[in-house]
Amino acid sequence: GIQIDEKDVLTSDGALSLAELPGSIVIIGGGIIGCEFASLFSAFGTRVTLIEALDRLISAQSKEASRQLETIFRKRGIEVITGMTVSSVSRSGHFTIRTSDGREISADKALVSVGRTSHTGNIGADGIGIKIENGRIMTDEYLKTAAANVYAAGDCAGGPLLAQKASYDGILAVDNILGCRRKKDYSNIPSCVYTDPEVASVGLDEDRARAAGIGVKTVKFPYLASGKAFLKGKTDGYIKLTGTSDGMLVGAEILGEGACDLIGELVMARTLGIPIKDIARVIHGHPTLSEIIQEAAHAFCGSAIHGI
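Residues numbered from 1 in each chain as written. Predicted model: local features only at pLDDT ≥ 70, side-chain atom pairs only at ≥ 80, totals over all residues. Heavy atoms only, no water.

Moving on, we get to a nonpolar patch on the surface. Together, Leu 21, Leu 40 and Phe 44 make up an exposed nonpolar region whose accessible area comes to about 290 Å². Along the polypeptide, Phe 44 turns up in the loop between helix H2 (32–43) and strand S3 (47–52). (Patch = residues over 30% accessible without salt bridge, like charges linked within 9 Å, V, L, I, M, F, W, Y side chains within 5 Å. Areas by Shrake-Rupley, 256 points an atom, 1.4 Å probe, with all protein chains shown as cover. Salt bridge = Lys/Arg side-chain N within 4 Å of Asp/Glu carboxyl O. Helix = DSSP H or I, 4+ residues; strand = E, 2+ residues; numbered from the N terminus.)

Turning our eyes to something else, we now look at the nonpolar core. Among the nonpolar cores identified, the biggest contains 29 residues, and Ile 239, Leu 241, Ile 254, Ile 263, Leu 266 and Ile 292 are the most heavily contacted of them. Elements with a minimum of two residues in this core: strand S12 (198–203), strand S13 (216–222), strand S14 (238–244), strand S15 (249–256), helix H7 (259–272), helix H8 (276–280) and helix H9 (291–300). If you tally residues by element for this core, the top one is H7, at 7 residues. Look past the residues within four positions of Leu 241 in its chain and what remains in contact with it is Lys 217, Thr 218, Val 219, Leu 249, Gly 251, Ala 252, Leu 266, Ile 276, Ala 296, Ala 297 and Phe 300. (Core = buried A, V, L, I, M, F, W, Y, C linked by side-chain atoms within 4.5 Å. Buried < 20%, exposed > 50% of the residue type's maximum accessible area, 1.4 Å probe, protein only. Contact = heavy atoms within 4.5 Å.)

A word on helix H4 (residues 163–177). Each turn of an α-helix holds 3.6 residues, which means side chains three or four residues apart point in the same direction. Between the first and last C-alpha of H4 there are 21 Å, a value that for 15 residues agrees with the 21 Å anticipated at 1.5 Å per step. All of the buried residues in H4 are Lys 165, Asp 169, Leu 172, Ala 173 and Asn 176. Buried residues of H4, viewed axially, fall in a sector of 100°; they line one side. Note on H4: the residue one or two positions beyond its end, Gly 179, has a positive phi of about 95°. (Expected span 1.5 Å × (residues − 1). Arc of directions from axis to C-beta.)

Here it is in structure tokens:
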């Protein structure tokens, strides 16, 4: 029921078009976009309040990543409110946002970041037999729709709403149009959160793996033990590997400087089925942030180089 005008009550589009920084902002929604903008505005000196209806931030990531990011945000002066919804927004000079527990928060601007939906309502799908459910164009495992010779790719086809997934879809759809017959597989699409520090992951974390009935063990290596992270003054964070008893990589998560770049090596390892013991044998430059991958792999195999 919140009216968005892209001047005072913003979406992420309006936030990127602001001509000047607000003194204070309330961000409604603590998912990826909300946390990214909270990190951004806070770094620029804006007083930030972040409200999330769930009991933790970035719920698509692990519980540990949520806890650590919230702790880092609080240390930087970001007010984090979880487990609360917004009941009303009123304007009288400043905005007054009321939460479900009766709390009132005043701010210069409000940013609504509670997700987006596919815009598929008026594309003429009905006329050619394309099926749409809840805004999503229905496809088979080859991304082909119910209409002859029509494929769908990207957010409109469901799955993770990520640019890298949309690019993957586009290539996959073209390959199938050309007769290659490749099935979609979203299990190795990385998730990247561009906060400071960044959060990136691929595959399943420990809790989700166990919920799926997979027996796993995990190992964590802290950024504090990385020489390059120490030199850069970016020691917040960790890398965590989740693997099976026979050493196959089930998932990986990195919270820290450069996480969204570093995750690519582990995406490749999962995609190619490389055992964790072989990841440990990959030589990395020193000092580099990428060494944390080798360090964590060594630790998983019981041969840690540095104490963790």
